[in-house]
Amino acid sequence: MLNKKINSFKSIAYFKKKFFEISDKELKNFWNVLFFFPFSYTYICPTELLEISKNINLFKNLKCNIYAISTDSHYTHKNWIENEINFINFPFISDFNHKISKNNKILDEKDGNCFRSTFIIDPNLIIKSIEIVDISISRSILEIINKIKMLNFTFKNKNKLCPYSWLKDNKSISI
């Protein structure tokens, strides 16, 4: 899946008190993060979603869209956002039919929810990073932002690599 084009999808999203249809076509020409979370109304997910909301300008400055995705319905997303997590400032996509999760091999067949996963997609819709973590731990939003910075740099500079220290000194490796 890594370095492959994302599978085509179409679903219903919720943002700014509105439902709308979204597909992979809307992701073209932007960096995108697909932020899969397993359950609405849980303990860890709101902490991650709050950190995204607090750092939304960092994503915007990188010309990166972020979408939260779960197998909950778009009505569940609406209810949760409006009644409990009203700090949300990015769209939620419903994967109620499990197509997106199945296509990305992150559907937990036991309970019908997606794994806690993060996909970073480049402007050509190529998957550049995949992270899947155990349901019991959270992801680092700042680490996701750092990955986007490095991937964006290598996207623009085809013969350059980002070593561990790149975020501190901007010294790349030429190939």
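Model, not experiment: these values are computed from the prediction.

Summarising the element assignment, Glu48 is placed in helix α1 (residues 44-54). Relative accessible area serves as the criterion here: at 1%, Glu48 is assigned to the buried category. Here the side chain of Glu48 touches Arg116 through a polar contact of 3.0 Å, side chain to side chain.

A sheet is described by the order of its strands in space; here 7 strands give the open sequence β2-β1-β5-β4-β3-β8-β9, paired in mixed fashion. The open sheet has two edge strands, β2 (18-23) and β9 (127-133), and neither has a second partner. The sheet shows a mean angle of 25 degrees between the axes of neighbouring strands, direction not considered. Both strand β8 (residues 116-121) and β9 contribute to a ladder of 6 bridges, which runs antiparallel. Along β9, the bridge assignment pairs Ser117 with Ile132. On the sheet, helix α3 (residues 74-83) packs against β1 (10-15), β2, β4 (64-70) and β5 (92-94) and is oriented at approximately 150 degrees with respect to β5.

Our next topic: the layout of surface pockets. Reported here for the largest pocket is a volume of approximately 180 Å³. Lining the largest pocket are 13 residues, and of these Ile56, Lys60, Cys64, Asn65 and Ile66 sit closest to its centre. In terms of residues, the lining of the largest pocket owes the most to one element, β4, which gives 4 residues. Taken together, the residues of the lining of the largest pocket sort by class into 9 nonpolar, 2 polar and 2 charged.

This part covers empty space enclosed by the protein. On inspection of all chains with the given rule, the structure shows 1 cavity of 30 Å³ or more. If you add up the space inside the largest cavity, you get close to 40 Å³.

What follows covers the UniProt feature "active site" (unreviewed entry) in the protein. The residues that UniProt annotates with the feature "active site" (unreviewed entry) are Cys45. Considering the arrangement of structural elements, one finds Cys45 in helix α1. Residue Cys45 is classed as buried on the basis of its relative accessible area, which comes to 1%. Contact partners of Cys45, with chain neighbours within four places excluded, come to Phe37, Pro38, Phe39, Trp80 and Arg116.

With 16 residues, helix α5 (residues 141-156) ought to run about 22 Å at 1.5 Å a step, and its terminal C-alpha atoms sit 23 Å apart, in line with that. Taken together, the buried positions of α5 are Ile141, Ile144, Ile145, Ile148, Leu151 and Asn152. Each buried residue of α5 sits inside an arc of 125 degrees when the element is viewed along its axis, so together they form one side. Elements in contact with the buried residues of α5: β3 (31-36), α1, α2 (56-61), β4, β8 and β9.

Turning our eyes to something else, we now look at the environment of Leu27. Topologically, Leu27 is positioned in the loop between β2 and β3. C-alpha of Leu27 to C-alpha of Ile121: the two residues are 94 residues apart in sequence and 8.5 Å apart in space. Not counting the four nearest positions on each side in its chain, Leu27 is found in contact with Ile6, Phe9, Asn32, Leu34, Tyr67 and Leu125.

Each value, and the rule that gives it
Residues numbered from 1 in each chain as written. Predicted model: local features only at pLDDT ≥ 70, side-chain atom pairs only at ≥ 80, totals over all residues. Heavy atoms only, no water. Helix = DSSP H or I, 4+ residues; strand = E, 2+ residues; numbered from the N terminus. Buried < 20%, exposed > 50% of the residue type's maximum accessible area, 1.4 Å probe, protein only. Polar contact = N/O pair within 3.5 Å; in protein donor to acceptor, adjacent residues only side chain to side chain. Pairing = 2+ DSSP bridges. Axes fitted to C-alpha atoms, helices over the stretch in contact; angles between N-to-C directions. Contact = heavy atoms within 4.5 Å. 1 Å grid on protein atoms, 1.4 Å probe; cavity = no way out; pocket = protein on both sides within 12 Å on 5 of 7 lines; lining within 4 Å. Points joined across faces, edges and corners; volume = space filled by probe spheres on them. Nonpolar A, V, L, I, M, F, W, Y, C, P; charged D, E, K, R; others polar. UniProt positions renumbered as here; feature names shortened; annotations may be inferred. Expected span 1.5 Å × (residues − 1). Arc of directions from axis to C-beta.

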